There are 2 protein chains.
Amino acid sequence: MSVPCDELNVPPRVLLGPGPSEMHPRVLRSLATPLLGHLDPAFLDLMERVKELLRWAFQTQNRLTFPLSGTGTAGMEACLCNLLEPGERILVCVNGYFGNRIVDIAERCGAEVMRVDREWGKAIDPGSVAEALKTGPFKVVAIVHAETSTGVLQPLEEISHLTHESGALLLVDAVTSLGGVPVKVDEWSIDAVYSGSQKCLSAPPGMAPVSFSEAAVETIRQRKRKVQSFYLDMTLIDQYYGTTRAYHHTAPISMVYALYEGLRVAHEEGHDLRAARHRLNHLALAAGVEAMGLALHSEKEHRLWMLNTVTVPEGVDDVDLRKSLLQDYGIEVGGGLGDLKGKVLRVGLMGYGSNRRNVLLFLSALEALLSQRGCKINRGAAAAAATGVYTSSSV
Amino acid sequence: MSVPCDELNVPPRVLLGPGPSEMHPRVLRSLATPLLGHLDPAFLDLMERVKELLRWAFQTQNRLTFPLSGTGTAGMEACLCNLLEPGERILVCVNGYFGNRIVDIAERCGAEVMRVDREWGKAIDPGSVAEALKTGPFKVVAIVHAETSTGVLQPLEEISHLTHESGALLLVDAVTSLGGVPVKVDEWSIDAVYSGSQKCLSAPPGMAPVSFSEAAVETIRQRKRKVQSFYLDMTLIDQYYGTTRAYHHTAPISMVYALYEGLRVAHEEGHDLRAARHRLNHLALAAGVEAMGLALHSEKEHRLWMLNTVTVPEGVDDVDLRKSLLQDYGIEVGGGLGDLKGKVLRVGLMGYGSNRRNVLLFLSALEALLSQRGCKINRGAAAAAATGVYTSSSV
C-alpha cells in the first residue's frame, strides 16, 4: 500500500486561538531532551518539583496535586468520575460550551444532574445557585472559572461560600485561567480543580494539572465502588506519583519536561506581574477592537483577559475571515462554539502569547481584512487606541 | 512558599527497560517543532498521514485507525469501554500483568468477566480458550499479544478463529509488539487493537494507536447507552479526526509530530527488515545471557524479541543490581512485576534501541556487576556468544 510520508514540515503560525497557545521558546527547547524512564529516580525527583510548582500555580497546599496524562478534558472527566458515584447529585452551572460538557460527563458517571443556566457571555449569578441549592443536598457543585467559549471570567468566592454552606464540594474548571489570572484554590476553598498545559502555561497540549482538597480526598477514600475509569483513578495515580511508586501507566515524559519548563517560566515572572501583563494586553486589544467599531461579546465586568470574543461585523463570513487570517498572515484565531457559532472570533492572548506584538499584529491584520471586505474601518484607529493603553499604563 | 525549580537537567540514560525506549534521534528532533493549532488544515493533513501510517503499521485497511491522546493504558480502557456495555460478557486470557489489568478495567465497565489463566511465562493454549468459550456466548475475547511482564509472544491465529466461530470480537493488546514483530490486524481478523507510542515505535510515551474493524465499529454504533468515558468515546473522536472535525479535545500536537516521525522511520525500514533486526538482537542477547549461565524466564518457543526476562541468579538482590546498572552505567532495565517480582530483569530491545551496541553494552555491564557480586561468570563468554550470533547471521 502506498503511504504518504513526506518530511514533517509545519507552516509557521501565530497561535491566537483558544488553545493551544504558542509555546514559550524555553518550553520548545525542553522538548528536545532525551527521555528518562518513568520510574527513574531522576524522573521521580522532577515530578516532585512539578507537583510543587503546580501547588504554587494553584496557590494551594493540597498534597494531591499533579498533572494527569491527558488533556484538559481528561482532567474534567477525572474530577467528575472520582468525586461522583452513580445516583449522586451534582449541580452544574452552565453559561457556555464547557458547562455543557460537564453535564455530559457527569451523566456518563451515572450522576443525577441539575443545571443552573445563564445566557452565554454572562457570569453565573450566585442568587440562582442559592435557589438551586434549596432543592436538596448535592454532592458537588461544578462551575467554569474561565469559559473559553464565551470569554467570561466567573467570580467564585460567593458561590464557593454557598456551596460549602450546603455541604457540597466545589469543582472548578480552570483550564484557561491557570497561569493567566489568579486561581486561589485554598483562599476560595475549591475542592477539586483541573486545568490544561496548553493555555496560559505555554506548554504543549497533553497534560491536565489537577488538585484536590483534603475533603475531596476523603470523599474519594470513602467511595463505595471503584472509579469507573482505571486510567483516571486518582487513588492509583496518587500511589504512582506518591510514596509507593506503584506502576500505573507510563508518564508522558517529554510532556512533563515541557510542563516543568512552562511552570518555571511562570514562577520566575510571578503571579502579580503575570496577571498584570495578561490584563494590560487584553485592555489594549479591547481598546483596539472597539476603536475599529467592533464589540466584545462578553459583558464588560466579567471579561477574561486571555480569551476575547470579538463580534464579527454584519455581512462578514467568519469562516472566510479566519481563513484569510490564517493563509495571508499565518494567524490562527478560533471561531464561535455552540450558540456563538459564526458570531464571534475567539482571540486568545495566553501565557507567552499575551504580548504587545501579537496585539498589534492581530489588530492590523483584522483591520486590513475587514477593509478588503467593505467594512468601513477608521484606518489606524485600532493601533492608536491599543498603543494608547500601553503608553498610559505603568506596567 | 519556596519552590524548587532548578534548570531541567536530565542524566543521560540507555533505556533498556520495558518502556519508554530511547527515542530515535529523528523523533527527538521532531519534538522541537513549533505548534500548530489542532484544527489547522496543516495539522488535519498531518493527522491523515499518521492514520495512514498506522494502517501500514497495523497491516490493516480499517478506517477507524488513529492515535488516542493518552498512554497504552488509555488505549486498553478505550477499547474495553467502547466495546462493552454493563452486564455483557468478556473472556480474558491472563498469563501476565497486563491480562490482569484487562480484567480490572473490564469489571469497571460493568462487564461480566471470565478468565482463562495460564502460568506466567507461558503462552495461552487455544484448547483452554475453546473450553471456556463453551460456557456460553461472549461479546469479546481479550488477549495480550506481547506480554511485557513476562516476555511472551502469543500466537493469535488459532484463538482468533475460535473467537469468531463463537461469535465474539477479538481484542488484542499490541502495546509492546507493534513496530517490533508483525501485527497483522486484517490477516488475523483482529477486531480491536491498541498499542503505545513509547515501545517499538521509538516515540515518547503519551499516545495510544488504536484500530477497529468494521464489526467492532458496528458494535459501537449499536450501543444502547453512551460510552462511560467521554474522553475515550470512539464515536466522538472519530468525528474529531474524521470528516466533521467536530471539536472533542485538544490533540497533543507535539506527540503527534513525534509519532509521525517514529512511524516514518519504521516505514522506511519496512516490516521485514525491522522484524529481522529485532529477532537478531534478541537472539544475540539470549545467547549472551545463556553463555553467562543465566536463563530467560519465558518458554523458548514463545519468546518476545523486544522484551527479555533474564532470571536473576540465586543470592543476588535484583533492586541492588538494577541500581548499579543505572548508577554505574546509566543503563535502565525493568524489574519483575507481580509473580515475577525480584526474580527477573526485564530487558527491552525495542525499536531504535534494538541494536548491537546496546546488546554488547548490557552483557558487559551485567557480567561486571555479577562478577563483583561473587557470581562465577566465565568472563568474556557472553560477548563472544552474542558476537557469534551476529557473525553467523545474514542480516
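Keep in mind the model is a prediction, meaning the values are calculated, not measured. (Residues numbered from 1 in each chain as written. Chains lettered and ligands numbered in written order. Predicted model: local features only at pLDDT ≥ 70, side-chain atom pairs only at ≥ 80, totals over all residues.)

Caption draft 1: Representation of the sheet that holds strand 8 (residues 169-173) of chain A. Residue and element names in this part refer to chain A. Here seven strands make up an open sheet; going across it, the order is 2-10-9-8-5-3-4 and the pairing mixed. In this open sheet, the two strands that pair with only one neighbour each are strand 2 (64-68) and strand 4 (112-117). Taking the axes of each pair of neighbouring strands and ignoring which way they run, one obtains an average angle of 15 degrees across the sheet. Contacts between helix 7 (residues 214-221) and the sheet are confined to strand 2, strand 8, strand 9 (192-194) and strand 10 (208-212), with strand 8 contributing the most and set at about 105 degrees to the helix. (Pairing = 2+ DSSP bridges. Helix = DSSP H or I, 4+ residues; strand = E, 2+ residues; numbered from the N terminus. Axes fitted to C-alpha atoms, helices over the stretch in contact; angles between N-to-C directions. Contact = placed C-beta atoms within 7 Å.)

Caption draft 2: Examining the interface of chain B and chain A more closely. Opposite the 66 residues of chain B that make contact, chain A presents 66 residues. Mapped onto the side of chain B that touches chain A, the elements with two or more residues apiece are helix 1 (25-31), helix 2 (41-58), helix 3 (72-83), helix 4 (97-108) and helix 9 (253-269) of chain B. If you tally residues by element for the side of chain B that touches chain A, the top one is helix 9 of chain B, at eight residues. Its residues placed into classes, the side of chain B that touches chain A shows 34 nonpolar, 19 polar and 13 charged. (Nonpolar A, V, L, I, M, F, W, Y, C, P; charged D, E, K, R; others polar.)

Caption draft 3: Fine view of the packing of helix 10 (residues 271-291) of chain B against helix 13 (residues 381-392) of chain B. Residue and element names in this part refer to chain B. The contact between helix 10 and helix 13 brings their axes to 7 Å, and the two run at 150 degrees. Our classification of the angle between helix 10 and helix 13 gives roughly antiparallel. Note that helix 10 runs across helix 13; the crossing there is right-handed. In this structure, helix 10 contributes Leu283, Ala284, Leu285, Ala287, Gly288 and Ala291 to the contact, and helix 13 contributes Ala381, Ala382, Ala383, Ala385, Ala386, Gly388, Val389 and Tyr390. For the contact of helix 10 with helix 13, the class distribution of residues is 12 nonpolar, two polar and no charged. (Parallel < 35°, antiparallel > 145°, perpendicular 65-115°, else oblique. Left-handed = near helix turned anticlockwise from the far one by under 90°.)

Caption draft 4: Representation of the domain arrangement of chain A within the structure. Residue and element names in this part refer to chain A. Domain boundaries assigned for chain A yield domain 1 (25-267) and domain 2 (271-392). Here the C-alpha centroids of domain 1 and domain 2 sit 29 Å apart. Between domain 1 and domain 2, the contact holds 22 residues from the first and 23 residues from the second. Looking at the side of domain 1 that touches domain 2, its residues break down into 11 nonpolar, nine polar and two charged. (Domains from an automatic or database assignment.)

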